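Architecture and fold: a report
In case you want the letters, here they are:
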Amino acid sequence: MSEGDRLTHIDASGAANMVDVADKANTTRTAIAIGSVTMKPETLEMIMSGNAKKGDVLATARIAGIMAAKRTHEMIPLCHPLALTKVTVDIEPDESLPGLRVQALAKVTGKTGVEMEALTAASVTCLTIYDMAKAVDRFMVLSGIQVVEKSGGKSGDWKAPGWTDRS
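Residues numbered from 1 in each chain as written. Predicted model: local features only at pLDDT ≥ 70, side-chain atom pairs only at ≥ 80, totals over all residues. Heavy atoms only, no water.

1. Focus: a nonpolar patch on the surface
Residues Met75, Ile76 and Met116 make up a contiguous nonpolar surface patch of about 230 Å² in total accessible area. With respect to the secondary-structure elements, Met116 resides in helix H4 (residues 115-133). (Patch = residues over 30% accessible without salt bridge, like charges linked within 9 Å, V, L, I, M, F, W, Y side chains within 5 Å. Areas by Shrake-Rupley, 256 points an atom, 1.4 Å probe, with all protein chains shown as cover. Salt bridge = Lys/Arg side-chain N within 4 Å of Asp/Glu carboxyl O. Helix = DSSP H or I, 4+ residues; strand = E, 2+ residues; numbered from the N terminus.)

2. Some thoughts on the sheet that holds strand E4 (residues 141-151)
In spatial order, the strands read E2-E3-E1-E4-E5; together these five strands make up an open sheet with antiparallel pairing. Strands with a single pairing partner mark the edges of an open sheet, and in this sheet they are strand E2 (86-94) and strand E5 (158-159). Judged from the nine bridges that link them, E2 and strand E3 (residues 99-110) form a sheet pairing that is antiparallel. In the strand pairing of E3, Lys86 is matched with Lys107. Strand contacts of helix H1 (residues 41-49): E2 and E3, with the helix running at about 55° to E3, the strand carrying the most contacts. Strand contacts of helix H2 (residues 57-70): E2 and E3, with the helix running at about 145° to E2, the strand carrying the most contacts. (Pairing = 2+ DSSP bridges. Contact = heavy atoms within 4.5 Å. Axes fitted to C-alpha atoms, helices over the stretch in contact; angles between N-to-C directions.)

3. Side note on the pattern of salt bridges
Scanning the model with the defined rule gives four salt bridges in all. Its salt-bridge partner being Arg101, residue Asp94 comes within 2.5 Å of it at the nearest N-O pair. Exposure remark for Arg101: the relative accessible area of 29% places this residue in the partly exposed category. Here the salt bridges share partners, and the residues they tie into one network are Lys54, Asp131 and Lys134. (Buried < 20%, exposed > 50% of the residue type's maximum accessible area, 1.4 Å probe, protein only.)

Here it is, written out as C-alpha cells:
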C-alpha cells in the first residue's frame with residue numbers, strides 16, 4: 001500500500017500517532033479553505049450595514065479566524081504546531097445565498113502542510129459570524145467548508161475541480 005493509500009496518522013498496529021516530519025524538506029506551503037453562512041436577507045443587511053448589536057461582525061469574525069489558525073494544533077490532537085508566516089481571511093457578501101462567503105489562506109515555510117490551519121480559520125470565521133448574529137437569526141446554516149487549493153510539499157500543488165480564487 002502506498003503512502004497515498006493509507007491514513008498517515010495511524011501506525012502499523014492501528015494506533016493514532018503524530019506523523020514524524022523530521023526528514024521532510026522545509027518548503028513553502030499554502031492552503032486555501034472556503035465556507036459559507038446562509039442567512040435571512042435582513043440578517044445579511046444588518047451585518048453589512050454595521051448595525052449588529054454585538055459590533056462589527058466581519059472584523060470580529062476575521063480576527064477570530066486568524067487567531068484560530070494560529071492555535072490549530074491546540075484543537076486538533078495530531079497537528080504539528082506551526083510558525084505560520086501568513087493567514088488571511090476574506091469575507092464577502094453573496095445575495096444569491098443570501099449570506100456570506102469565507103475564504104481563508106494559511107502559509108508556512110516548514111515540513112508539513114497547512115490545510116488544517118486553513119480549514120480551522122474558515123470554520124471559526126463561520127462560527128463567529130453565527131455567534132454574532134444568532135440573536136436575530138437562529139436558523140443560519142454553515143456549509144461548504146473545504147480545502148480548495150494547496151501548494152508545496154511532497155504531494156505537490158492542486159486545486160479543487162472548478163475552483164477559481166476569488167481574491
